Amino acid sequence: MQTIKIALLGFGTVGQGVFQILNEKKEEFRNFFGIDVEVVGVLIRDVEKLRPLPAHLFVTDRFEDIASIPDVDVVFEAIVGEEPAYSYLTYFLERGIHVITANKAMFAKHGLSLQKVAENYDATIGYEATTAGGVPIIKTLKNLLQVNEVENIAGILNGTSNFILSEMRTAKCTFEEALQNAQDFGYAEADPTDDVSGKDAFRKLMILSQLAFGRQPSWEDVEVRGIQTLTLRDIEEAEESGMRYRHVAEVNITGSGNLQAVVRPLLVGPSHPLYTVDGVDNAIVIDSEYLGKLTLIGPGAGRFPTGSAMVEDFVQVISSKPKVIIPQ
Ligand SMILES: NC(=O)c1ccc[n+]([C@@H]2O[C@H](COP(=O)([O-])OP(=O)(O)OC[C@H]3O[C@@H](n4cnc5c(N)ncnc54)[C@H](OP(=O)(O)O)[C@@H]3O)[C@@H](O)[C@H]2O)c1
């Protein structure tokens, strides 16, 4: 039976989710695809940290160690920030090794360039997990685009912001108290700046724009506002008039072919598809030529939703690429 060798870059929330799902699905991979899946190395930053990993597994903080493992087929990347992730993924793609990433900060900026490298070296880059976690927005858009032109995408793309707005409304608490609750529940990062300022949603919107329209608007032309300035009074006044604040990232194409994008708190009424989306969920409304309006709602982050999105990309790779494939 063919063995598919996997390297994991990063073993935090997402990396651990991927590792667990790959292990739990070993039998299915054998039965359905006729392959054995083996994690052959894990790259982390701090070798002193205690980790739930089998003792025999190779763990290192040196990229060169991972890069020199022979015959790696697929690399999962779940580290943080643009660099060194971009350089690492370029390295693997240039060797024809398939990569799957969850790293939105890196992919929003370098996704196009990585896709070109992948194409040149007959490799694949999966990025479902970069946007809206477990919500299958990338594969849905790819499917739609085979027939439809996309006209507008509007979504709640940051679960922490959505949780805070929901919490302020239902528990009648201030922004600061709601943020503290989000941190206590483990939804918000220790440094939640990118979440509440709209920066995280902006990056995901740029990834969606690239896919749906083949390009991104100039980043400096996009108005990006977070939820930090909304007060409890604002939320209550909205509620009194039958409306709710949602943090919405939106991109659309104008009649003259220009892209317009904005990220901001938006007041929506009961007939709006995002009105009922509460808690840490993400939701995306796609307007397209023939299908019309489609709304996807689901878990936008977390170990298993994000891990699942990455392993789904992996299944796509093993079932479509001759280099890692499976005798039928
Ligand atoms: N958490 C989510 O729900 C979620 C959802 C969608 C996308 N993402 C994206 O997925 C990526 C990982 O997120 P996470 O929540 O799993 O982060 P995390 O819990 O902080 O884990 C990051 C992991 O990457 C390792 N790492 C970081 N920088 C590194 C470097 N320069 N070289 C080697 N290893 C490095 C860390 O090593 P140590 O363990 O030694 O510190 C850690 O194992 C991020 O890009 C994030 O934006 C996360």
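Residues numbered from 1 in each chain as written. Predicted model: local features only at pLDDT ≥ 70, side-chain atom pairs only at ≥ 80, totals over all residues. Heavy atoms only, no water.

(A) Inspection of the UniProt feature "domain: Homoserine dehydrogenase catalytic" (unreviewed entry) in the protein chain at higher detail. Here the UniProt feature "domain: Homoserine dehydrogenase catalytic" (unreviewed entry) sits at residues 136–315. Its end C-alpha atoms 14 Å apart, residues 136–315 is made of 41% helix and 25% strand. (UniProt positions renumbered as here; feature names shortened; annotations may be inferred. Helix = DSSP H or I, 4+ residues; strand = E, 2+ residues; numbered from the N terminus.)

(B) Inspection of the site of the ligand at higher detail. Contacts to the ligand come from 22 residues, most closely from D46, K49, R51, I79 and G302. R45 places a polar main-chain atom, nitrogen or oxygen, 3.0 Å from an oxygen atom of the ligand. At 2.7 Å, a side-chain N or O of K49 approaches an oxygen atom of the ligand. Starting from 890 Å² of accessible surface for the ligand in isolation, the protein chains cover 83%. Among the residues forming the shell around the ligand, the class breakdown is 11 nonpolar, six polar and five charged. (Near = heavy atom within 4 Å. Polar contact = N/O pair within 3.5 Å; in protein donor to acceptor, adjacent residues only side chain to side chain. Areas by Shrake-Rupley, 256 points an atom, 1.4 Å probe, with all protein chains shown as cover. Nonpolar A, V, L, I, M, F, W, Y, C, P; charged D, E, K, R; others polar.)

(C) Seen up close, the pattern of salt bridges. Per the stated rule, a full pass over the model turns up 21 salt bridges. Taking the shortest distance from any N to any O, the salt bridge between E239 and R169 comes out at 3.8 Å. On the criterion of sequence distance, the pair formed by E239 in helix α11 (residues 232–240) and R169 in helix α7 (residues 159–171) is long-range, its members being 70 residues apart. In this structure R169 comes out as buried when scored by relative accessible area, which is 11%. Among the salt bridges present, the one from R225 reaches E223, with a minimum N-O distance of 2.8 Å. Classification of E223 by relative accessible area gives partly exposed; the value is 39%. One network of salt bridges, with partners in common, ties together R169, E239, R244, R246 and D278. (Salt bridge = Lys/Arg side-chain N within 4 Å of Asp/Glu carboxyl O. Buried < 20%, exposed > 50% of the residue type's maximum accessible area, 1.4 Å probe, protein only.)

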